[in-house]
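# Observations on chain architecture
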Amino acid sequence: MIWLKAFIAGLLATLIFHQGLFGLFYLLGMVPAAPFNMTSVPPIGVPAVLSLAFFGGLWGIAIWAIIRHLGTAAFWSLAILLGAIGPTVVAMLVVFPIKGIDVTAQTWVGGLLLNGFWGLGLAVFMKLMGERKTV
């Protein structure tokens, strides 16, 4: 059950924290695309935001496996740090080149910020689901 909670927390963190911050960046004119991209993506044609949320759930499981037994300060800081680094490195070095998206300093910084905020969201949702007894 704990791994399902981690998946759901990662999925929700994507939809609320990641896409919420992406929306703020969009409103401020910092990114050209709007959040919640509903364009279908291969191979099964689901909306891009749902694909992103699914992979956010998988990342949630992986990061939860690392941070779940840490003390309070390490838990929160490592959730943000691992959230920022793991998904961003994979996106910039694997996903973006496959999709033909340019990797720039701006995409690296944006990815680190968005995914770090996603990591915070993961930790928040796991705490809300009762998986963290610490403050």
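So, here's what we can say about the structure. (Residues numbered from 1 in each chain as written. Predicted model: local features only at pLDDT ≥ 70, side-chain atom pairs only at ≥ 80, totals over all residues. Heavy atoms only, no water.)

## Looking at the overall build of the chain
Tallying secondary structure elements over the chain gives 4 helices and 2 strands in all. N-terminal to C-terminal, the α/β element order of the chain is α-β-β-α-α-α. Compactness check: the chain gives a C-alpha radius of gyration of 15 Å against a globular reference of 14 Å for 135 residues, within 12% of the reference. Considering only C-alpha atoms, the chain reaches an extent of 40 × 30 × 25 Å along its principal axes. When burial is assessed residue by residue, the chain has 36% of its 135 residues classed as buried. Residue pairs in contact within the chain that sit at least 24 positions apart in sequence constitute 67% of those at least 6 positions apart. Of the roughly 7,500 Å² of accessible surface on the chain, 77% is carried by carbon and sulfur atoms. (Helix = DSSP H or I, 4+ residues; strand = E, 2+ residues; numbered from the N terminus. Rg over C-alpha atoms; globule rule 2.2 N^0.38 Å. Buried < 20%, exposed > 50% of the residue type's maximum accessible area, 1.4 Å probe, protein only. Contact = heavy atoms within 4.5 Å. Areas by Shrake-Rupley, 256 points an atom, 1.4 Å probe, with all protein chains shown as cover.)

## Concerning the side chain of glutamine 19
Residue placement: glutamine 19 occurs in helix α1 (residues 2–27). A distance of 2.6 Å separates a polar atom in the side chain of glutamine 19 from the backbone nitrogen of phenylalanine 36. If near-sequence neighbours (up to four positions away) are discounted, glutamine 19 is found in contact with Thr14, Pro35, Phe36, Asn37, Val49 and Leu52. (Polar contact = N/O pair within 3.5 Å; in protein donor to acceptor, adjacent residues only side chain to side chain.)

## Concerning the environment of phenylalanine 54
In this structure, phenylalanine 54 sits in helix α2 (residues 48–67). Sequence separation of phenylalanine 54 and leucine 15 is 39 residues, and the distance between their C-alpha atoms is 10.0 Å.

## Topic: the packing of α2 against helix α4 (residues 105–128)
Remark: α2 packs on α4, axes separated minimally by 11 Å, with the N-to-C direction vectors making an angle of 70°. Classified by the angle between their axes, α2 and α4 sit roughly perpendicular to one another. Contact with α2, carried on its side by Gly56, Trp59, Gly60, Ile63 and Trp64, involves Trp118, Leu122 and Met126 of α4 and no other residues of that element. Of the residues that constitute the contact of α2 with α4, the class distribution is 6 nonpolar, 2 polar and no charged. (Axes fitted to C-alpha atoms, helices over the stretch in contact; angles between N-to-C directions. Parallel < 35°, antiparallel > 145°, perpendicular 65-115°, else oblique. Nonpolar A, V, L, I, M, F, W, Y, C, P; charged D, E, K, R; others polar.)

## A short note on the nonpolar core
Trp64, Ile67, Leu122 and Met126 are the most contacted members of the largest nonpolar core, which has 14 residues in total. Examining the composition of this core, we find that 5 residues originate from one element, α4, more than from any other. One finds Leu21, Phe22, Phe25 and Val31 within the second-largest nonpolar core, a separate group that totals 5 residues. (Core = buried A, V, L, I, M, F, W, Y, C linked by side-chain atoms within 4.5 Å.)

## Some remarks on the packing of aromatic side chains
Counted under the stated rule, the structure contains 6 aromatic pairs. A centroid spacing of 5.7 Å and a plane angle of 65° characterise the contact between phenylalanine 7 and phenylalanine 54, whose relative ring orientation is edge-to-face. Taken together, the residues span a long stretch of sequence, with phenylalanine 7 in helix α1 and phenylalanine 54 in helix α2 at a distance of 47 residues. Judged by its relative accessible area of 40%, phenylalanine 54 is partly exposed. Ring centres of phenylalanine 17 and phenylalanine 117 lie 5.0 Å apart, and the angle between their planes is 50°; this geometry places the pair in the tilted category. Note that phenylalanine 17 is positioned in helix α1 and phenylalanine 117 in helix α4, a separation of 100 residues in sequence. One aromatic cluster is present, formed by Phe7, Phe54 and Phe55 through successive ring pairs. (Phe/Tyr/Trp six-rings, centres within 6.5 Å; stacked < 30°, edge-to-face > 60°.)

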